[in-house]
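Examination of the molecular architecture
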Amino acid sequence: MLKGHGMMNDELKVVSAEAAIGNVGPFVASKVFNSLFASGMELVEETALYLDEDGKNAARSLPRRDALNYASVSMRLTTRLMQIASWLLVLRAVRDDELSEDEASLDKYRIGQPDSVHLSHEAAAGLPERMLNLINETDTLYARVVRIDRELFTEETTQTFGDDAAGQLAALRSAFPG
């Protein structure tokens, strides 16, 4: 894993604190976003380089079944990374005043559902170790981006309650109406 890929727990807490609908501007101006952007784009570049060079060479030496699996997984991985890169670029456009927060909140800019490229043990057994590592890193980043996207652009996440018992009871009633 490259040095910049992982966020520290404190940084993740900052993401949650800063990411709330209407707070896109402060989030995209934060060090957390800059770090997320840099590490996300670095992972995209690293994965593309791997798939074009070492991965392609590794795939040539795989048995036919594993080589077909490699091709399928690499396409899904590339699609996932392009979704992440597009999302990051939209938020950077907001930061750079090239796109408004309202425009960025349109459905066409939202990240997809948190599906994953997770593989069965059978399918993973035939793939190169480096590819498996890239899949895991991408899954982690994608889950983080999906969570931040929901926090930034979904009104439900802005409803906050106090830390006291009454606030917690209100949160439960809100979550389980009826």
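Cut-offs and rules
Residues numbered from 1 in each chain as written. Predicted model: local features only at pLDDT ≥ 70, side-chain atom pairs only at ≥ 80, totals over all residues. Heavy atoms only, no water. Helix = DSSP H or I, 4+ residues; strand = E, 2+ residues; numbered from the N terminus. Buried < 20%, exposed > 50% of the residue type's maximum accessible area, 1.4 Å probe, protein only. Contact = heavy atoms within 4.5 Å. Areas by Shrake-Rupley, 256 points an atom, 1.4 Å probe, with all protein chains shown as cover. pLDDT = per-residue confidence, 0-100. Polar contact = N/O pair within 3.5 Å; in protein donor to acceptor, adjacent residues only side chain to side chain. Axes fitted to C-alpha atoms, helices over the stretch in contact; angles between N-to-C directions. Parallel < 35°, antiparallel > 145°, perpendicular 65-115°, else oblique. Left-handed = near helix turned anticlockwise from the far one by under 90°. Nonpolar A, V, L, I, M, F, W, Y, C, P; charged D, E, K, R; others polar. Expected span 1.5 Å × (residues − 1). Salt bridge = Lys/Arg side-chain N within 4 Å of Asp/Glu carboxyl O. Core = buried A, V, L, I, M, F, W, Y, C linked by side-chain atoms within 4.5 Å. Phe/Tyr/Trp six-rings, centres within 6.5 Å; stacked < 30°, edge-to-face > 60°. Lys NZ or Arg CZ within 6 Å of the ring centre and 35° of its normal.

1. Remarks on the overall build of the chain
Helix and strand content of the chain: nine helices and zero strands. The helix and strand sequence of the chain, counted from the amino end, reads α-α-α-α-α-α-α-α-α. Out of the 178 residues in the chain, the part that is buried amounts to 38%. When contacts within the chain are restricted to residue pairs at least 6 apart in sequence, those whose partners lie at least 24 apart make up 75%. Summed over its atoms, the accessible surface of the chain is roughly 10,500 Å², and 53% of this surface lies on carbon and sulfur atoms.

2. Digging into the confidence of the model for the chain
Mean pLDDT over the chain stands at 80; residues scoring 70 or higher make up 69%. Considering only residues more than four positions removed or in separate chains, one finds that residues 6-21, a stretch of pLDDT under 50, has 33 contacts. Low pLDDT, under 50, characterises residues 157-162; the predicted model gives this stretch eleven contacts beyond four residues in sequence or across chains.

3. A look at the environment of threonine 140
With respect to the secondary-structure elements, threonine 140 resides in helix H8 (residues 129-153). Judged by its relative accessible area of 45%, threonine 140 falls in the partly exposed class. Here the side chain of threonine 140 touches asparagine 136 through a polar contact of 3.0 Å, landing on its backbone oxygen.

4. Description of unusual backbone geometry
Located in the positive-phi region is aspartate 97, a residue other than glycine, with phi close to 60 degrees. Within the secondary structure, aspartate 97 sits in the loop between helix H5 (64-95) and helix H6 (101-104). In this structure aspartate 97 comes out as exposed when scored by relative accessible area, which is 72%.

5. Quick look at the packing of helix H3 (residues 31-52) against H5
Between H3 and H5, the shortest axis-to-axis distance is 10 Å and the interhelical angle comes to 150 degrees. The orientation of H3 with respect to H5, classified from their angle, is roughly antiparallel. In terms of crossing hand, the pair formed by H3 and H5 is left-handed. A class-by-class count of the residues in the contact of H3 with H5 yields 17 nonpolar, five polar and two charged.

6. Observations concerning H3
In this model H3 runs 31 Å from its N-terminal to its C-terminal C-alpha over 22 residues, within 8% of the 32 Å that 1.5 Å per residue would give. Among all positions in H3, only Val32, Phe33, Leu36, Phe37, Ser39, Gly40, Leu43, Val44, Glu46, Thr47, Tyr50 and Leu51 are buried.

7. Overview of the pattern of salt bridges
For the structure on display, the rule yields seven salt bridges. A salt bridge links aspartate 139 to arginine 80; the nearest nitrogen and oxygen atoms lie 2.9 Å apart. Here aspartate 139 is found in helix H8, whereas its partner arginine 80 is found in helix H5, with 59 residues between them in sequence. Classification of arginine 80 as buried rests on a relative accessible area of 4%. Notably, a salt bridge pairs arginine 150 with aspartate 149, separated by 2.8 Å at the nearest N-O pair. For arginine 150, a relative accessible area of 24% gives the class partly exposed.

8. A closer look at the nonpolar core
Counting 41 residues, the largest nonpolar core has Phe27, Tyr70, Trp87, Leu91, Met131 and Leu152 as its most contacted members. Within the residue set of this core, elements represented by two or more residues are helix H2 (24-28), H3, H5 and H8. When residues in this core are grouped by element, the largest group, twelve residues, is from H5.

9. Some thoughts on the packing of aromatic side chains
Applying the stated criterion to the full structure yields two aromatic pairs. With 5.7 Å between their ring centres and 65 degrees between their planes, phenylalanine 27 and phenylalanine 33 make a pair best called edge-to-face. A relative accessible area of 0% means that phenylalanine 27 is categorised as buried. Taken together, the aromatic side chains of Phe27, Phe33 and Phe37 make up a single cluster linked through ring pairs. Stacked on the ring of tyrosine 142, the Lys or Arg arginine 80 has its end atom at 3.8 Å from the ring centre. In this structure, arginine 110 is placed above the aromatic ring of phenylalanine 153, and the distance from its NZ or CZ to the ring centre is 3.7 Å.

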